[in-house]
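Structural overview
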Amino acid sequence: MKLVEWIALVLALVLVFCHGSSASFTPVDNYLIACGSPRNVTFQGRTFVPDSGHSSLFVKSGNSVVASSNSSSVPSPLYQSARIFTGIASYKFEIKQEGRHWVRLYFYPPSSWSQNLTSASITVVTDDFVLLNNFTFKNYNGSYMFKEYAINVTSDDLTLSFIVSNNSVTFINAIEVVSMPDGVLPDQALAVNPSSPFSGLSELAFETVYRLNMGGPLLTAQNDTLGRTWENDAKYLHVNSSAVNVSVSPSSIKYPAAVTPETAPNWVYATAETMGEANVPSENFNITWVFTVDPNFMYFVRVHFCDIVSKALNSLVFNVYINSDNALGSLDLSSITGGLAVPYYKDFVSNSSAGSDTLTVSVGPDTVADITDAILNGLEVMKISNEVNSLDGFSSVKNLHPSSPSKNNKIVIIVGCVVGSVVAVALIGLFYCCLAARKAKDTNNNQGHPWLPLPLYVNIAEWAMTWQKKGMLDQIMDQNLVGKVNPASLKKFGETAEKCLAEHGVDRPSMGDVLWNLEYALQLEETSSALMEPEDNSTNHIPGIQLATIEPFDNSVSMIDAGNSCTDDDAEDAATSAVFSQLVNPRGR
């Protein structure tokens, strides 16, 4: 690059770093957490707050300690403190706006900790996705690690769980959970091999692997409205001398309606790598960038273009390759954008190169073009979660963290509650219809009160005494007791409805139990009517009910298990359960 161009670039950078970005995107959810820190920490122009005092953050950890690092080797103040967990811990974030969120994790083993944390195992999961699985710094080429993920949150909270394994510990220095604007990441992209639409990306998680500013400087959160980091591309060039970097003033970039500063900052589109007058023996060559990737995953690839080199329209035509596949052929930027210095991007889904752990992106001239040139301004490569919803290995959240409820389990619970509610309402209607029909029949026929068949004749006085905590009675026609029988049927009915609405399926009664409970409540209702309007004052029992000798009842002992004591308040429910158990499980008296 010529000296004059470098001076212009440096001056422009100074202005950008001094004033920051002018875009006005404000995330609805914006959690910047300094884990274990006793005070606020400023990093890249943003303020991170301690995890111990955040009003909308719930930290669940029974075993954690705080460690700090004061050595000069700490990469930034954000890495000076850490929270160390000796057991499974989680951060639960209240989400105000559903949709894609950035989840950023910062790791640096603190030097003040008594153990060597470079061998600590780090596993991080959400409710649905595995982000990190058994990572250690032991074999990592670096003293600190930054991870960025894009996760579609479809509920009102997001939980990050840190799992300890192999009797080790785990730690975290800082966390970001930040809303993304709608449309920054798509639901559909173009698969490269074979070439076809790839849909359903919004249901998958992404991990940023590479984000490059071609021919330009390092950009951080101070220069990107979404807090992203863009690094220079030079170290990824297959042949360093194959590209010439060019730049223009960022203010000359003209965003169309379909592209915004949230897509990429104007600094990304204001710099580029081109063929230009590259120092290569042949004019027909490609500029190639090589990236190391995990061949077991697919990758989301976004290429950014902006024609900042042409003097006229339709003069720059070139090809774009991903691995050995022609992803975009005869690309004429000005014919798509309608002008020069207008940003454009294209999204792809690709695997690694066949039989290798690399992914390559190349641009090269088209054979029919009048001018031999090609350009690339920016590049993003993001790993896509696999079939077990993992971004690191083949273990699912259920395998790593069995106690974590998945989204599907939550749906099952909700559906179960709804179905239970519908069934309960239907049974309520059935109960009252049967009751009304039976009363109408009894009134028209002026006959007694028949009973539905039960597996066992039971003394109604015993039921009444159990509910009302009364001892031996000579008359079931006792007036004090008669006034108590009618509420007993409502009580049994209410208990049945409540059990049908239990949150967990194992706590809800079977359909057979429900029908017997309703039968029981119906008989109590009809019995109360017969008791209050007796046809024969000389009769002291209900027709069809065989009387049995009643033993004294001790309210201090549960009728379910006489060996276990209970309070007076519990005796009533226990007695009811015992009596009903005789209906469900008949046996001789």
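Residues numbered from 1 in each chain as written. Predicted model: local features only at pLDDT ≥ 70, side-chain atom pairs only at ≥ 80, totals over all residues. Heavy atoms only, no water.

1. Structural notes on the layout of surface pockets
As a volume, the largest pocket reaches approximately 1200 Å³. Secondary structure elements with two or more residues in the lining of the largest pocket: strand 11 (145-153) and strand 17 (206-213). Looking at the lining of the largest pocket element by element, the count peaks at five residues for strand 17. Looking at the lining of the largest pocket residue by residue, the class counts come to 15 nonpolar, 10 polar and 10 charged. (1 Å grid on protein atoms, 1.4 Å probe; cavity = no way out; pocket = protein on both sides within 12 Å on 5 of 7 lines; lining within 4 Å. Points joined across faces, edges and corners; volume = space filled by probe spheres on them. Helix = DSSP H or I, 4+ residues; strand = E, 2+ residues; numbered from the N terminus. Nonpolar A, V, L, I, M, F, W, Y, C, P; charged D, E, K, R; others polar.)

2. Here we look at the sheet that holds strand 13 (residues 170-172)
With respect to topology, three strands assemble into an open sheet ordered 5-6-13, the strand pairing being antiparallel. Edge positions in the sheet fall to strand 5 (64-68) and strand 13, since each of these pairs with one other strand and no more. When strand polarity is set aside, the average angle formed by the axes of neighbouring strands in this sheet is 30°. Bridge analysis of strand 6 (residues 81-85) against strand 13 gives three bridges, and the strand direction is antiparallel. Its bridge partner lying in strand 13, F85 is registered against T170. (Pairing = 2+ DSSP bridges. Axes fitted to C-alpha atoms, helices over the stretch in contact; angles between N-to-C directions.)

3. Some remarks on the pairing of strand 10 (residues 130-135)
In the sheet, strand 9 (residues 122-125) pairs with strand 10 via three bridges, with the strands oriented antiparallel. The residue bridging V124 from the neighbouring strand is L132, located in strand 10. Counting the residues that bridge the hairpin from strand 9 to strand 10 gives four residues.

4. Let's talk about the nonpolar core
In this structure, W289, F291, F305, F318 and L379 are the most contacted members of the largest nonpolar core, which totals 49 residues. Counting residues per element, this core draws most heavily on strand 22 (residues 298-305), at four residues. F85, L131, L132 and L160 belong to the second-largest nonpolar core, a separate cluster that totals 38 residues. (Core = buried A, V, L, I, M, F, W, Y, C linked by side-chain atoms within 4.5 Å. Buried < 20%, exposed > 50% of the residue type's maximum accessible area, 1.4 Å probe, protein only.)

5. Describing the packing of aromatic side chains
Throughout the structure, instances matching the rule amount to 24 aromatic pairs. Aromatic pair F206 and F300: ring centres 5.3 Å apart, planes at 20°, arrangement stacked. Residue F206 is located in strand 17, and its partner F300 is located in strand 22; the two are separated by 94 residues in the primary sequence. Here F206 matches F300 in class, with each residue buried. Cluster of aromatic residues (ring-pair linked, three or more members): F43, F48, Y79, Y106, Y108, Y144 and F146. The positively charged end of R211 is found above the aromatic ring belonging to W230, 5.6 Å away from the centroid. (Phe/Tyr/Trp six-rings, centres within 6.5 Å; stacked < 30°, edge-to-face > 60°. Lys NZ or Arg CZ within 6 Å of the ring centre and 35° of its normal.)

6. Things to note about the environment of L105
When you line up the elements, L105 lands in strand 8 (residues 99-107). A residue is classified by how much of its surface remains accessible, and L105, at 0% relative accessible area, is buried. As for L105 and I175, which are separated by 70 residues in sequence, their C-alpha atoms are 4.9 Å apart. Those residues within four positions of L105 in sequence are excluded, and the remaining contacts are V124, M145, F146, K147, Y149, L160, I172, A174 and I175. (Contact = heavy atoms within 4.5 Å.)

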